[in-house]
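This is what each chain is made of:
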Amino acid sequence: MAAVGAGGSTAAPGPGAVSAGALEPGTASAAHRRLKYISLAVLVVQNASLILSIRYARTLPGDRFFATTAVVMAEVLKGLTCLLLLFAQKRGNVKHLVLFLHEAVLVQYVDTLKLAVPSLIYTLQNNLQYVAISNLPAATFQVTYQLKILTTALFSVLMLNRSLSRLQWASLLLLFTGVAIVQAQQAGGGGPRPLDQNPGAGLAAVVASCLSSGFAGVYFEKILKGSSGSVWLRNLQLGLFGTALGLVGLWWAEGTAVATRGFFFGYTPAVWGVVLNQAFGGLLVAVVVKYADNILKGFATSLSIVLSTVASIRLFGFHVDPLFALGAGLVIGAVYLYSLPRGAAKAIASASASTSGPCVHQQPPGQPPPPQLSSHRGDLITEPFLPKLLTKVKGS
């Protein structure tokens with residue numbers, strides 16, 4: 001398969017390389033299936049493990065680490081990783097890398113400054129996630145956080161003049177209903193919880209995080225539409241702003257405490273696991289998500305909710321009652337319906353309206369849908385917007 005470099009040029013396959021067109025149909029199909037299954041596994045594990053690991057690290061007895069320092073460390077590691085990848089793209093030539101970064105970051109400073117707004121929002125979102133997960137059970141947070149699908153859809157309609165199908169509007173209503181049921185169960189005392197947790201603060205934080213996630217993703221698409229920058233360059237630029245803004249937030253929120261106790265106060269192997277997951281999880285998703293279609297992403301999100309719930313029962317003593325099961329089931333169903341392709345959505349709507357209606361127009365095979373950008377922090381690559389499903393890092 002031809003390789004595309006940072007500048008967009010296509011390199012011919014080297015000796016012994018096999019182009020995509022030379023593969024036998026059966027081999028190509030089998031390889032594609034394997035990539036889809038790998039993508040599914042990565043999306044499920046990343047979606048669930050980050051939330052579970054943060055919850056675990058924030059509920060361990062002993063000294064509690066400063067969330068603001070973890071956000072900064074994740075941005076630093078993410079930026080360094082993207083810098084190394086760009087260095088590899090330049091074949092280890094330091095001079096070429098410096099010239100490239102000078103041109104992309106300094107000379108084209110207007111494009112760089114445009115990233116300050118989404119970077120600020122993503123940094124805020126990462127800090128809000130720590131607040132939310134510290135005050136809500138992991139399963140409750142995982143279900144409630146799917147509101148980012150609703151906020152992204154609304155911002156896309158308002159800012160990009162996108163349209164939603166009737167089935168998508170219905171799925172968003174179903175999503176909101178499911179989240180409301182889960183929150184009603186939480187407010188009603190769905191099982192014992194530690195005294196230092198505040199479900200109201202957790203809900204406010206997750207709603208604010210969903211709003212920031214939806215706005216940042218749509219804003220990023222709007223200002224960078226048509227940009228030729230690679231995913232690694234954009235993440236590096238976001239990492240630079242994210243580190244600077246994260247340090248400002250650290251100084252403002254916990255500056256005195258960090259100065260007294262130290263930047264790495266309370267860091268344990270579990271905390272480092274959270275930082276590494278945040279730093280590399282979003283980048284990993286950015287790589288594998290192009291092999292996953294919208295239905296697969298919807299399936300991955302559903303499995304992540306189930307996995308988070310099961311793990312919460314075993315790790316944190318989470319109690320699943322009928323009300324939570326109903327709300328979570330509605331959210332899972334809404335995620336699946338929203339992620340259906342336009343053709344399939346129309347077919348379902350047509351079938352529900354009449355069994356003898358006109359044929360539904362299907363998108364021709366091989367014709368890509370309109371491009372869009374996911375709001376996931378690390379997932380800064382072009383993919384179909386509507387219908388779509390958002391997958392976790394920003395934060396990352």
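Residue numbers here run from 1 along each chain, matching the order of that chain's written sequence. The predicted nature of this model means local features are confined to residues of pLDDT at least 70 and side-chain atom pairs, given and counted, to a pLDDT of 80 or more, with totals for whole chains, interfaces and linings taken over all residues. Processing note: side-chain calculations cover all non-hydrogen atoms of the structure and skip hydrogens and water entirely.

Peer 1: I keep staring at the UniProt feature "transmembrane region" (unreviewed entry) in the protein and nothing clicks. Help me out?
Peer 2: With numbering matched to this structure, UniProt assigns "transmembrane region" (unreviewed entry) to residues 37–58, 64–87, 169–188, 200–220, 232–252, 264–289, 296–317 and 323–340. Helix numbers and strand numbers start at the N terminus; a helix is a DSSP run of H or I with at least 4 residues, a strand a run of E with at least 2. End C-alpha to end C-alpha, residues 37–58 measures 32 Å, and it is 100% helix and 0% strand. Helix makes up 100% of residues 232–252 and strand 0%. Its end C-alpha atoms lie 29 Å apart. UniProt positions are given in the numbering used here, feature names are shortened, and annotations may be inferred rather than shown by experiment.

Peer 1: Which parts of the structure should I look at to understand the pattern of salt bridges?
Peer 2: It is possible for side chains bearing opposite charge to pair when their charged atoms get close. Here a salt bridge means any side-chain nitrogen of Lys or Arg lying within 4 Å of a carboxyl oxygen belonging to Asp or Glu. Under the criterion given, the structure shown has one salt bridge. Here D111 makes a salt bridge to K114, at a shortest N to O gap of 3.7 Å. A residue pair is termed a helical-turn pair when its members lie 3 or 4 positions apart in one helix, as D111 and K114 do in helix α4 (residues 109–114) at three residues. By relative accessible area, D111 is classed as partly exposed at 24%. Only protein chains enter the accessibility calculation, which uses a 1.4 Å probe. A residue is then buried if its area is under 20% of the maximum for its type, exposed if over 50%, and partly exposed in between. Here K114 falls in the partly exposed class, since its relative accessible area comes to 31%.

Peer 1: What should I look at first to understand helix α3 (residues 94–107) in this one?
Peer 2: It helps to recall that an α-helix has 3.6 residues per turn; residues three or four apart then point in one direction. Here, expected helix span is obtained from the residue count minus one, scaled by 1.5 Å. Here α3 contains 14 residues, and its C-alpha end-to-end distance of 18 Å stays within 8% of the 20 Å for a straight helix at 1.5 Å per residue. For α3, the full list of buried residues reads L97, L101, A104 and V105. One side of α3 holds all its buried residues, which, seen down the axis, span an arc of 80°. Relative to its buried face, α3 has exposed residues pointing more than 90 degrees away, namely K95, L99 and L106. Where α3 is buried, its residues meet α2 (67–89), α4 and α10 (231–261). In this structure N93 caps α3, since a side-chain oxygen of it lies 3.1 Å from the backbone nitrogen of K95. Taking the helix axis as origin, the arc is that swept by the directions to the C-beta atoms. Only heavy atoms enter the contact rule, under which two residues are in contact if any of them lie within 4.5 Å. For the purposes of these results, a polar contact is taken to be a pair of N or O atoms within 3.5 Å, where, inside protein, one atom must be able to donate a hydrogen and its partner to accept one; residues adjacent in sequence count only when each atom of the pair is a side-chain atom.

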